[in-house]
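Observations on the model geometry
Here is how the chains run, residue by residue.
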Amino acid sequence: MKNKVFIATSLDGYIADEHGGIDWLHSIPNPNNDDMGYVNFTNGIDALVMGRTTFETVCGFDVDWPYQKPVFVLSNSLDRVHTAYKDKVELVKGPLTEVLEKIHKKGYHNLYIDGGRTIQSFLKEDLIDEMTITIIPYLLGAGIPLFNKLPERLGFECIETKIYLAKVVQNSFVRKR
């Protein structure tokens, strides 16, 4: 059972600008549409766990539903989703250990954890096993940070570094326990 993160940040550690915008993520020309390991990563997961804000952001994209795997949306405020997503997501709430237990009972053990606050919550409870962080070389100066205050230091080991498009750095980390 592993909880994994695959996310991009600005050089100064933001996952979105101060208005929640993410257009800067696509600012580096990518003529061959290199997925930077995303498909390989998602082939190794059973399901996704994302927060409400990330879910609503994805719903606002002008694309078909992008996920082929089950999606669990963490939300204490939503009690239902739009009918267009009824068969695509399941709402979950409560303490993260209970949420994970419920998801594991459904047979999903390798989880993609997505969304800033969701990742921060999982890190606060030391529930992240692997992180792949792709750094886009822009300083945003402000925005939504990937990391926040933790109750204690968490050690990770960098197991791989790749460079994409001669500009983008991707680091893969595993939790040292």
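Residues numbered from 1 in each chain as written. Predicted model: local features only at pLDDT ≥ 70, side-chain atom pairs only at ≥ 80, totals over all residues. Heavy atoms only, no water.

Here we look at the sheet that holds strand β7 (residues 130-136)
For clarity, the threshold we go by: Here a strand pair is declared whenever DSSP counts at least two bridges between the two strands. Comment: elements are numbered from the N terminus, with helices defined as DSSP H or I runs of at least four residues and strands as E runs of at least two. Axis geometry follows a simple rule: fit a line to the C-alpha atoms, using only the stretch in contact for helices, then measure angles between N-to-C directions, giving values from 0 to 180 degrees. Only heavy atoms matter for contacts: two residues are in contact if any of them lie within 4.5 Å across the pair.
Spatial ordering of the open sheet is given by β5-β4-β3-β6-β1-β7-β10-β9, a layout of 8 strands whose pairing is mixed. The sheet is open, and its two edges are formed by β5 (89-92) and β9 (156-164), each paired on a single side. When the angles between neighbouring strand axes are averaged without regard to direction, this sheet yields 20°. The pairing of strand β1 (residues 2-10) with β7 spans 7 bridges and is classified as parallel. Considered in β7, the bridge of T9 is made with I135. Sitting on the sheet, helix α2 (residues 52-60) is in contact with β3 (47-51), β4 (71-74), β5 and β6 (110-114), with an inclination near 105° to β3. Against the sheet, helix α3 (residues 96-105) makes contact with β1, β3, β4, β5 and β6, and its axis sits at roughly 145° relative to β5, the strand it touches most.

Looking at the pairing of β7
Heads up, the rule is: The buried label applies to any residue whose accessible area, calculated with a 1.4 Å probe on protein chains only, is under 20% of its type's maximum; exposed applies above 50%, and partly exposed to all values in between.
Of all 7 residues that make up β7, 5 are buried, and the element is covered over most of its length. Across 6 bridges, β7 lies against strand β10 (residues 168-175) in antiparallel orientation. Across the sheet, the residue bridging to T132 is S172, located in β10.

Side note on the pattern of salt bridges
Operational definition: Salt bridges are defined by distance alone: a side-chain nitrogen of Lys or Arg within 4 Å of a carboxyl oxygen of Asp or Glu.
The final tally for this structure, using the stated rule, is 9 salt bridges. Of the charged contacts, one joins E130 and K2 as a salt bridge, the two residues approaching to 3.1 Å between their closest N and O atoms. Taken together, the residues span a long stretch of sequence, with E130 in strand β7 and K2 in strand β1 at a distance of 128 residues. Linking R177 and D129 is a salt bridge whose minimum nitrogen-to-oxygen distance equals 3.0 Å. Remark: D129 occurs in the loop between α4 (116-124) and β7 and R177 occurs in the segment after β10; sequence separation between them is 48 residues. Among the ionic contacts, a cluster of salt bridges with common partners joins D126, D129, R175 and R177.

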